[in-house]
Amino acid sequence: MAQTSTDAEAARRAPAGERALRQRLDAFVSEWRNSLGDIWDGAKAGLLHEELEKINAEAEAQDVGDIATPTLELIVFLCSFIETGAIPSTVQRQALAGLVDGLSQSAEAPRTAPRAVKRAVASTVRGQVHYLAAGARVIEALAPTLGAHRFLVRPFDETAPLSLAMTESPPDVLLVDDAFVPQLHGLLESISRARDTQRDPPVCLVLSEAADPARMLYAQRAGADAVVSSRDPVEIVARIEEMLEQRRSLGYRVLVVEDDPPQAKFCESVLHHRGITTRVVADATSVIAAVREFHPDLVLLDFYLPDGNGIEVAQTIRAEPGCAFLPVVFLSGEQDLDRRFDAISMGGDDFLTKPVKPRHLLLTVESRVRRARTLIATTGSARGERRGTLSGRDVFLQELQLLADSSGDACVGLVYIAVDDIENVRERVGFVAAGTLGQQLASAIASELPFARPICAYGEYTFLALAQRDDELALRQALEQARSRLAARAWLSADDPLRLNFTLSALRVTGPSERAESLLRRARQQALIVQSAGGNDVSIDLRDPNVASEDPRVRLVRAILRSAADLGNSPLSYQPFAPLAGNLSGQYLARMQLKPPRSSQSILIDPAEYLPLARALGLATHADRRLIRLALRQIHARGNTADELRVFLPLTAESLLDTAFAPWLATELRAHAVSAASIALEFDIADLIEQQPADGAIETLQRVGARFCLRANDDSERAQRWLNHAAFSVVRFERPAASGSGSPWAALANRFATVRGLGKIIVASGVDDMSDIGELLRSGTHYANGAAVCDWLRDFDFDFAGAVL
């Protein structure tokens, strides 16, 4: 009676919207039971599925977790039947009924219940293992062996305490003695209910003494992933590592790039209910590191991010070695079809519009991953081949060459791992056990070097790997620790363990100057030198010879332009265009300088110095995009007064040659809520003559709404084409060198007249003397900027109304 009154009181306290939602869910449950309780009706199921999606969306909006989670689980389970028209089997109908019964409980008022506290596992531990075996059946050496391989082991001799422990902290591996197989299905069900949606289900192994096919089939039907017909701890550990590596390699893995936490959690929940492993990153700068470490099958990419936009991130992903076939699906509320087509043409594979329905998300993810894997299988892509524990040698060489040809910030090393004294090992092992040892070595190396992919066999008991870490020290430490752990292992059998010594050599992959085959030969020679001196050691050379001899200014420019756009290391300043014959105010010329870290304000690198270096590094477009992004941030910060501004942004012609530049610019403008009329893109006429961009590139930018300015520092015949170009409505002239007496601007009077005759606006820059103003007025100059007008400002705060020239 007391409980009933408590529930009634909780129902009265619930907000009106939540009460209505629970009533709607109760009506759904009743309709399901009446319509689909006995006979499956696909059409009716489809209608109820749509109603359930609406209930789920409302529950998410109201943050009613006890409704959102179970409805989402049922939505995901129903997807496969609704989309394919398949009729669920008896077992599946029972599962559906159980999920609907769970919804009926959610339709009631929520009850307050204590939540179980899940204990965190130390970062040095590879995973938790729960081991269920009765006293006499316990393998005594198994727990110490697992502990030596950095697994945390919790032994149990009954199912009840194991079930309780799994609600507190679900394991990564479940080891079950053969005697408990009849209870295995119930145990796995309890794990499924308690498991955090962000974790994979545990790898379940049944330990049996004999290879009885009937018992093995019985265990697998109960839910076991594998049956180990051995009580040898070394063989059991090797099998665990093999299963974990297969789970890591073969399951669907989705990287979610989303800065909106509720949206990211929604995607995670939908995918986890389908058994898909996910990782979430919230900013553009973390994406490449996550791709390298997580090895996703697909990237769900938000179109607008706080430190970048989706087009830019997609292009960066595409530039990564081995990511040519990695599907990228944009996720955004963008309604403009042109923007969607631009996104797909610039590196995306599909576009999902928010709010996303769970079935649309699942169908898109699964179909794109299947298509990519099929394409990989038919083309022999390096990314596909490296999905298993080992890749082929030809694929490994291809990946190595790709890394050598590309330039990245991470420290990448070619790793050569060899078992010492192979002749004695071969005699000790014999022909029969040689294959088993090879499999154990492959699984162990993949487990101990999770940061190294791909891995391939390179001769008898010799392996190659490509390892990446953020810097040289981190990679060196990781490799040394991995070799030590390999040498400390026992191999083949715990009763008669085989001890092996390992030699590891590593060379830094520094650039295209050295071919992959040459790098391999040097790594092997380095390892042979270590082995000739006794082996069981490392020889690691991760120095970058290019950096050692590189101009410090080049290193500085590269480091700044590859970092996130920040006014701290890339300060902007603005110089106003004072009206002469013109009548517009609020116009500024922008300038971006580079500031070395931890330097004083006086140390600033001007564009004339860093742009040639950026061009040599292939980073000219990085500099352009950095300038635009920082300027848009400051324009956006002006709020309502931003419409009165127009900022002229000097760019390089390389951006006109970049097909992704126009859609990137459109995305940036929309992300910062800045009108295209607030900026003008300025290009140097000499730069345009050299690069020769096509008219189509300029027309594409015009469709974005961009306006153009021409910096006219060339009076050759070839320059006339660009002066006549209709897109360039403004022409800016720099102050000419003084020659003789009088104003140097007088020498440009004829050119000014020609440009005015073309109907263009003239801007005179570098006006450092007030005596120049009279000559500029006589020549019909529209605007002037320079020290005589105003020095460079940090913000748009020039008083145009009070300026008197």
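To be clear, the structure that these remarks concern was listed above.
Caption draft 1: Expanded view of the overall build of the chain. Counting its regular elements, the chain contains 31 helices and 26 strands. Per-residue burial over the chain gives 50% buried out of 805 residues. For the chain, restricting intrachain contacts to residue pairs at least 6 apart in sequence, the fraction spanning at least 24 positions comes to 71%. Accessible surface, the chain as shown: approximately 36300 Å² in total, 51% of it carbon and sulfur.

Caption draft 2: The arrangement of the packing of helix α26 (residues 661-671) against helix α28 (residues 695-704) in detail. Where α26 meets α28, the closest approach of the two axes is 9 Å, and the angle between their N-to-C directions is 15°. As summarised for this structure, α26 and α28 are arranged roughly parallel, according to the angle between their axes. Crossing angle aside, the handedness with which α26 passes α28 is right-handed. Contacts from Phe661, Ala662, Leu665, Ala666 and Leu669 of α26 reach α28 at Thr700, Leu701 and Val704. Residues of the contact of α26 with α28, tallied by class, amount to 7 nonpolar, 1 polar and no charged.

Caption draft 3: Representation of the packing of helix α24 (residues 620-637) against α26 in the model. At a minimum axis separation of 10 Å, α24 and α26 run at an interaxial angle of 15°. By the angle class used here, α24 and α26 are roughly parallel. In this structure, α24 meets α26 at a crossing whose hand is right-handed. On α26, the residues touching Arg625, Ile628, Arg629 and Leu632 of α24 are Phe661, Trp664, Leu665, Glu668 and Leu669. In terms of residue class, the contact of α24 with α26 is built from 6 nonpolar, no polar and 3 charged.

Caption draft 4: Region of the structure containing the nonpolar core. In this structure, Leu255, Leu301, Leu649, Leu665, Leu681, Phe728 and Phe733 are the most contacted members of the largest nonpolar core, which totals 102 residues. Here the element with the most residues in this core is α24; it accounts for 7 residues. Once residues lying within four places of it in the same chain are set aside, the contact partners of leucine 301 are Val257, Gly310, Val313, Ala314, Val328, Val329, Phe330 and Leu331. Counting 44 residues, the second largest nonpolar core, distinct from the first, contains Ile55, Leu78, Ile82 and Leu331.

Caption draft 5: Representation of the pairing of strand β23 (residues 707-711) within the structure. Of all 5 residues in β23, 4 are buried, a share of seventy percent or more. Pairing of strand β22 (residues 679-684) with β23, which is carried by 5 bridges, proceeds in the parallel orientation. When the bridges of β23 are listed, alanine 680 appears paired with arginine 707. In the sheet, β23 pairs with strand β24 (residues 728-734) via 4 bridges, with the strands oriented parallel. Its bridge partner lying in β24, arginine 711 is registered against arginine 732. Between β23 and its parallel partner β24, the chain crosses via helix α29 (residues 719-724), and the hand of that crossover is right-handed.

Caption draft 6: Layout of the pattern of salt bridges. On inspection of all chains with the given rule, the structure shows 40 salt bridges. Here the residues in one salt-bridge network are Arg150, Glu241, Glu448, Arg485 and Arg489, joined through shared partners.

Caption draft 7: Quick look at the packing of aromatic side chains. Summed over all chains, the structure comprises 19 aromatic pairs. Ring geometry for phenylalanine 577 and phenylalanine 648: centres 4.9 Å apart, planes at 50°, overall tilted. With phenylalanine 577 in the loop between β18 (572-576) and β19 (578-579) and phenylalanine 648 in strand β21 (residues 646-651), the pair connects residues that are 71 residues apart, well separated along the chain. Residue phenylalanine 577 is classed as buried on the basis of its relative accessible area of 0%. Plain terms: the ring middles of tyrosine 588 and phenylalanine 796 are 5.3 Å apart, the flat faces sit at 65° to each other, and that makes the pair edge-to-face. Here tyrosine 588 is found in strand β20 (residues 587-592), whereas its partner phenylalanine 796 is found in the segment after β26 (783-785), with 208 residues between them in sequence. This pair shows no difference in class: tyrosine 588 is buried, exactly as phenylalanine 796 is. Each residue in the set Tyr574, Tyr588, Phe796, Phe798 and Phe800 is aromatic and connected to the rest through ring pairs, giving one cluster. The ring centre of tryptophan 792 lies 4.2 Å from the NZ or CZ of arginine 591, which sits over that ring. Over the ring of tryptophan 722 we find arginine 721; its NZ or CZ atom is 4.1 Å from the centre of that ring.

Caption draft 8: Layout of α24. Compared with the 26 Å implied by 1.5 Å per residue over 18 residues, the 26 Å span of α24 between its first and last C-alpha is a close match. With respect to burial, α24 is a largely interior element, 14 of its 18 residues being buried.

Caption draft 9: Seen up close, the sheet that holds β21. Spatial ordering of the open sheet is given by β18-β20-β21-β22-β23-β24-β25-β26-β19, a layout of 9 strands whose pairing is mixed. The sheet is open, and its two borders are formed by β18 and β19, each paired with just one other strand. As defined by bridge partners, β19 adjoins β26 across 2 bridges and the pair is classed as antiparallel. From the neighbouring strand, alanine 578 faces β26, where its bridge partner is alanine 784. In the packing of helix α30 (residues 749-757) onto the sheet, the strands contacted are β24 and β25 (761-765), and the crossing angle to β24 comes to about 170°.

Caption draft 10: Spotlight on helix α20 (residues 516-532). In a regular helix each residue adds 1.5 Å, so 17 residues correspond to 24 Å; α20 covers 25 Å between its end C-alpha atoms and thus fits that length. Every buried residue of α20 is listed here: Ala516, Leu519, Leu520, Ala523, Gln526, Ala527 and Val530. Buried residues of α20 fall within an arc of 125° about the axis and therefore sit on the same side. The exposed residues of α20 that point more than 90 degrees off its buried face are Arg521, Ile529 and Ser532. Remark: glycine 534 follows α20 within two positions and exhibits a positive phi of approximately 120°.

Caption draft 11: Inspection of the sheet that holds strand β15 (residues 462-469) at higher detail. The mixed open sheet is built from 5 strands, whose spatial order is β14-β15-β13-β16-β17. The open sheet has two edge strands with one neighbour each: β14 (452-457) and β17 (538-541). Adjacent strand axes in the sheet meet at a mean angle of 15° when their direction is disregarded. In this fold helix α19 (residues 472-487) packs onto β13 (411-419), β15, β16 (502-508) and β17, with an angle of close to 165° to the strand it touches most, β16.

Caption draft 12: Focus on unusual backbone geometry. For the peptide bond that leads from lysine 354 to proline 355, omega is -5°, which places it in the cis range. For proline 355, the position within the fold is in the loop between β12 (350-353) and α15 (358-379). Notably, histidine 295 is not glycine yet its phi reads approximately 50°, a positive angle. Mapped onto the elements of the fold, histidine 295 is located in the loop between α12 (287-294) and β8 (298-302). Phi is positive for alanine 673, which is not a glycine, with a value near 55°. Secondary-structure assignment places alanine 673 in the loop between α26 and β22. Here alanine 673 falls in the exposed class, since its relative accessible area comes to 61%.

Caption draft 13: Layout of the environment of leucine 748. Locating leucine 748 in the fold gives a position in the loop between β24 and α30. Judged by relative accessible area, which is 9%, leucine 748 ranks as buried. In sequence terms leucine 748 and leucine 776 are 28 residues apart; their C-alpha atoms lie 9.7 Å from each other. Filtering out sequence-adjacent residues up to four positions away, leucine 748 remains in contact with Phe733, Glu734 and Pro736.

So, how was this worked out
- Residues numbered from 1 in each chain as written.
- Predicted model: local features only at pLDDT ≥ 70, side-chain atom pairs only at ≥ 80, totals over all residues.
- Heavy atoms only, no water.
- Helix = DSSP H or I, 4+ residues; strand = E, 2+ residues; numbered from the N terminus.
- Buried < 20%, exposed > 50% of the residue type's maximum accessible area, 1.4 Å probe, protein only.
- Contact = heavy atoms within 4.5 Å.
- Areas by Shrake-Rupley, 256 points an atom, 1.4 Å probe, with all protein chains shown as cover.
- Axes fitted to C-alpha atoms, helices over the stretch in contact; angles between N-to-C directions.
- Parallel < 35°, antiparallel > 145°, perpendicular 65-115°, else oblique.
- Left-handed = near helix turned anticlockwise from the far one by under 90°.
- Nonpolar A, V, L, I, M, F, W, Y, C, P; charged D, E, K, R; others polar.
- Core = buried A, V, L, I, M, F, W, Y, C linked by side-chain atoms within 4.5 Å.
- Pairing = 2+ DSSP bridges.
- Right-handed = clockwise from strand over helix to strand, strands pointing away.
- Salt bridge = Lys/Arg side-chain N within 4 Å of Asp/Glu carboxyl O.
- Phe/Tyr/Trp six-rings, centres within 6.5 Å; stacked < 30°, edge-to-face > 60°.
- Lys NZ or Arg CZ within 6 Å of the ring centre and 35° of its normal.
- Expected span 1.5 Å × (residues − 1).
- Arc of directions from axis to C-beta.

The quantities given are spatial measurements derived from coordinates; they are silent on function.
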